[in-house]
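For reference, the chains in residue letters:
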Amino acid sequence: MPRLYFLPVACSLSSFLTITYLLCIFLGLILPGQGHQFRQVLEMLLPGFKWFSFGGFLNGLFWSIFYGVYTGVLFVPLYNYFSRKTLPNRDEYSSRLH
């Protein structure tokens, strides 16, 4: 198994969460009947988020990026540790895959 590196994982997760956040904002604005559901979810997940304010929008953007980096900080070392422990002979494992 290849080793994971922090920066690509953190950037990928942060980008994914930011795009998801922006889609929720966009859908909440174009679907006014469903907007309250998007607002409720975002307010539960993002500390200090307030619907339809510029400060709330920036705050949500910050937390989306932060959660991606935080997940990368925890996930990458855990993955690399358990990958090393559960697959002690990685060369043999990768040769069986090809």
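Structure shown above.
None of the values given here were measured: they were computed from a predicted structure.

Conventions adopted
- Residues numbered from 1 in each chain as written.
- Predicted model: local features only at pLDDT ≥ 70, side-chain atom pairs only at ≥ 80, totals over all residues.
- Heavy atoms only, no water.
- Salt bridge = Lys/Arg side-chain N within 4 Å of Asp/Glu carboxyl O.
- Helix = DSSP H or I, 4+ residues; strand = E, 2+ residues; numbered from the N terminus.
- Buried < 20%, exposed > 50% of the residue type's maximum accessible area, 1.4 Å probe, protein only.
- Expected span 1.5 Å × (residues − 1).
- Axes fitted to C-alpha atoms, helices over the stretch in contact; angles between N-to-C directions.
- Parallel < 35°, antiparallel > 145°, perpendicular 65-115°, else oblique.
- Left-handed = near helix turned anticlockwise from the far one by under 90°.
- Nonpolar A, V, L, I, M, F, W, Y, C, P; charged D, E, K, R; others polar.
- Phe/Tyr/Trp six-rings, centres within 6.5 Å; stacked < 30°, edge-to-face > 60°.
- Contact = heavy atoms within 4.5 Å.

Asks: What's the story with the pattern of salt bridges in this structure? I'm lost.
Replies: A side chain of one charge can pair with a side chain of the opposite charge when the charged atoms of the two come close. For the structure shown, the criterion picks out 1 salt bridge. Between Arg39 and Glu43 there is a salt bridge whose closest N-O contact spans 3.3 Å. On the criterion of helical spacing, the pair formed by Arg39 and Glu43 is a turn pair, its members being 4 residues apart in helix H2 (residues 35–45). In this structure Arg39 comes out as partly exposed when scored by relative accessible area, which is 28%. Given a relative accessible area of 32%, Glu43 falls into the partly exposed group.

Asks: Could you clarify how one ought to interpret helix H3 (residues 54–86) in this entry?
Replies: What sets the pattern is the α-helix's 3.6 residues per turn: residues three or four places apart point alike. In this model H3 runs 47 Å from its N-terminal to its C-terminal C-alpha over 33 residues, within 8% of the 48 Å that 1.5 Å per residue would give. Buried residues of H3: Gly56, Gly60, Ser64, Gly68, Gly72, Val76, Asn80 and Ser83, and no others.

Asks: What is the right way to read the packing of helix H1 (residues 6–30) against H3 from this model?
Replies: Axes are the key here: two packed helices are described by the angle between their axes and the distance separating the axes. As a packed pair, H1 and H3 sit with axes 8 Å apart at the nearest point and diverge in direction by 150°. On the basis of their axis angle, the class for H1 and H3 is roughly antiparallel. Crossing handedness for the pair H1 and H3: right-handed. Looking at the contact of H1 with H3 residue by residue, the class counts come to 15 nonpolar, 8 polar and no charged.

Asks: Just to check I follow, could you spell out the environment of Leu23 for this structure?
Replies: Relative to the helices and strands, Leu23 resides in helix H1. A residue is classified by how much of its surface remains accessible, and Leu23, at 46% relative accessible area, is partly exposed. Residues Leu23 and Phe38, 15 residues apart in the sequence, show an inter-C-alpha distance of 10.0 Å.

Asks: Please clarify how the packing of aromatic side chains should be interpreted in this entry.
Replies: The geometry of an aromatic ring pair comes down to the distance between the two centres and the angle between the two planes. Scanning all chains against the criterion turns up 11 aromatic pairs. For the pair Tyr21 and Phe49, a centre-to-centre distance of 6.1 Å together with 85° between the ring planes defines the contact as edge-to-face. A residue pair is termed long-range when its members are at least 10 positions apart, and Tyr21 in helix H1 and Phe49 in the loop between H2 and H3 qualify at 28 residues. A relative accessible area of 3% places Phe49 in the buried class. Clustering of aromatic rings is evident, with ring pairs tying together Phe62, Trp63, Phe66, Tyr67 and Tyr70.

Asks: Please clarify how the packing of H1 against H2 should be interpreted in this entry.
Replies: Contact geometry for H1 and H2: axes closest at 8 Å, N-to-C directions at 150°. In terms of axis orientation, H1 runs roughly antiparallel to H2. Here the hand of the crossing between H1 and H2 comes out left-handed. Facing H1, whose interface residues are Tyr21, Cys24, Ile25, Leu27 and Gly28, H2 presents Gly35, Phe38 and Leu42. A breakdown of the residues in the contact of H1 with H2 according to their chemical character gives 6 nonpolar, 2 polar and no charged.

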